[in-house]
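# Architecture at a glance
One letter stands for each residue in the lines below.
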Amino acid sequence: MESCGFNPIATASLPISRFTDAWSRVGDLADYFGEISSPRRPDPVRHSNIYSTILNELLEVSVHLGKPDGRVDLALSHDGIVDRLTIRVDCDDAARQQVVNTVGGLARDNAKVAFRKALLSPGKAHPCLGLLELMADYSALIITSGDGDTLTLQVDVCLKDDDE
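In short, a report on the structure.

Per the secondary structure count, the protein includes 6 helices and 5 strands. Traced from its N-terminal end to its C-terminal end, the protein shows the element sequence β-α-α-α-β-β-α-α-α-β-β. Based on the C-alpha atoms only, the size of the protein along its principal axes is roughly 40 × 35 × 30 Å. In the protein, buried positions account for 45% of the 164 residues. Each charge class in the protein can be summarised by its mean position, and for the 16 positive and 25 negative side chains these summaries are 3 Å apart.

In structure tokens:
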């Protein structure tokens, strides 16, 4: 799951049912990953809070799109000021294709427009709203892959502190 140059920080693999049985676990895992990603940052509290928010969005999307009896695998790594969150989720082909069609080819320049459109659309919330939000608000680069039974999201985020 890692690329050359990125140093692994943490991994986790859990059944989706662990999250659906107790939704607070999404926040707990996001907070934990946020904390362990932040110790060497100039403002570790800010960094931790932002990464917790980012991972929370990714986990929510994964749980909503994933198979109830499936798994979510997470990997957190970094290369300098770029953090990479890689999430693999068991899902059906329709859910995977929806994500690929929504964010797979979306340029970061168009993310704010796509996010606004999805946010303001009437009816049920778009299942990829959280991914669009990450692209719009944090300039996240999201690369999608997988096959009919899995979806992998590689999410690269670069948070610069004021003194960087």
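Next comes the rest of the description.
Below, the discussion takes up the sheet that holds strand S2 (residues 71-79). Ordered by their spatial adjacency, 5 strands build an open sheet running S1-S2-S3-S5-S4, and the pairing between neighbours is antiparallel. In this open sheet, the two edge strands, each paired with only one partner strand, are strand S1 (7-15) and strand S4 (141-145). Neighbouring strand axes in the sheet, compared pairwise and without regard to direction, differ in orientation by 15° on average. Seen against the sheet, helix H2 (residues 24-36) touches S1 and S2 and runs at an angle of roughly 170° to S1.

Enumeration according to the criterion identifies 6 salt bridges in this entry. Between Lys67 and Asp149 there is a salt bridge, and its shortest N-O distance comes to 3.9 Å. Within this pair, whereas Lys67 is found in the loop between helix H3 (44-65) and S2, its partner Asp149 is found in the loop between S4 and strand S5 (150-158), the two being separated by 82 residues in sequence. By relative accessible area, Asp149 is classed as partly exposed at 47%. Through salt bridges with shared partners, one network takes in Asp73, Arg88 and Asp90.

What follows covers the environment of Val61. Position of Val61 among the secondary structure elements: in helix H3. Along the backbone, Val61 and Leu131 are 70 residues apart, and their C-alpha atoms lie at a distance of 7.6 Å. Those residues in contact with Val61, other than ones at most four positions away along the chain, are Pro127, Gly130 and Leu131.

Let us now look at the layout of surface pockets. Space inside the largest pocket adds up to approximately 230 Å³. Along its surface, the largest pocket is lined by Glu57, Glu60, Val61, His64, Leu65, Lys124, Ala125, His126, Pro127, Leu129 and Gly130. When contributions to the lining of the largest pocket are tallied by element, the ones reaching two or more residues are H3 and helix H6 (129-138). The leading source of residues in the lining of the largest pocket is H3, at 5 residues. By volume, the second largest pocket amounts to about 180 Å³. Lining the second largest pocket are 12 residues, and of these Ile9, Ser37, Arg40, Arg41 and His78 sit closest to its centre.

This next bit is on the nonpolar core. The biggest cluster of nonpolar side chains holds 44 residues, and the ones touching the most others in it are Leu55, Leu58, Leu74 and Leu131. The residues contacting Leu55, other than those within four sequence positions of it, are Leu29, Ala30, Phe33, Leu74, Leu85 and Ile87.

With that settled, consider unusual backbone geometry. The phi dihedral of Ser139 is positive, around 50°, even though this residue is not glycine. Along the chain, the position of Ser139 falls in the loop between H6 and S4. The partly exposed category is assigned to Ser139, whose relative accessible area is 43%.

What counts as what
Residues numbered from 1 in each chain as written. Predicted model: local features only at pLDDT ≥ 70, side-chain atom pairs only at ≥ 80, totals over all residues. Heavy atoms only, no water. Helix = DSSP H or I, 4+ residues; strand = E, 2+ residues; numbered from the N terminus. Buried < 20%, exposed > 50% of the residue type's maximum accessible area, 1.4 Å probe, protein only. Lys, Arg positive; Asp, Glu negative; His and termini not counted. Charge placed at Lys NZ, Arg CZ, Asp CG, Glu CD. Pairing = 2+ DSSP bridges. Axes fitted to C-alpha atoms, helices over the stretch in contact; angles between N-to-C directions. Contact = heavy atoms within 4.5 Å. Salt bridge = Lys/Arg side-chain N within 4 Å of Asp/Glu carboxyl O. 1 Å grid on protein atoms, 1.4 Å probe; cavity = no way out; pocket = protein on both sides within 12 Å on 5 of 7 lines; lining within 4 Å. Points joined across faces, edges and corners; volume = space filled by probe spheres on them. Core = buried A, V, L, I, M, F, W, Y, C linked by side-chain atoms within 4.5 Å.

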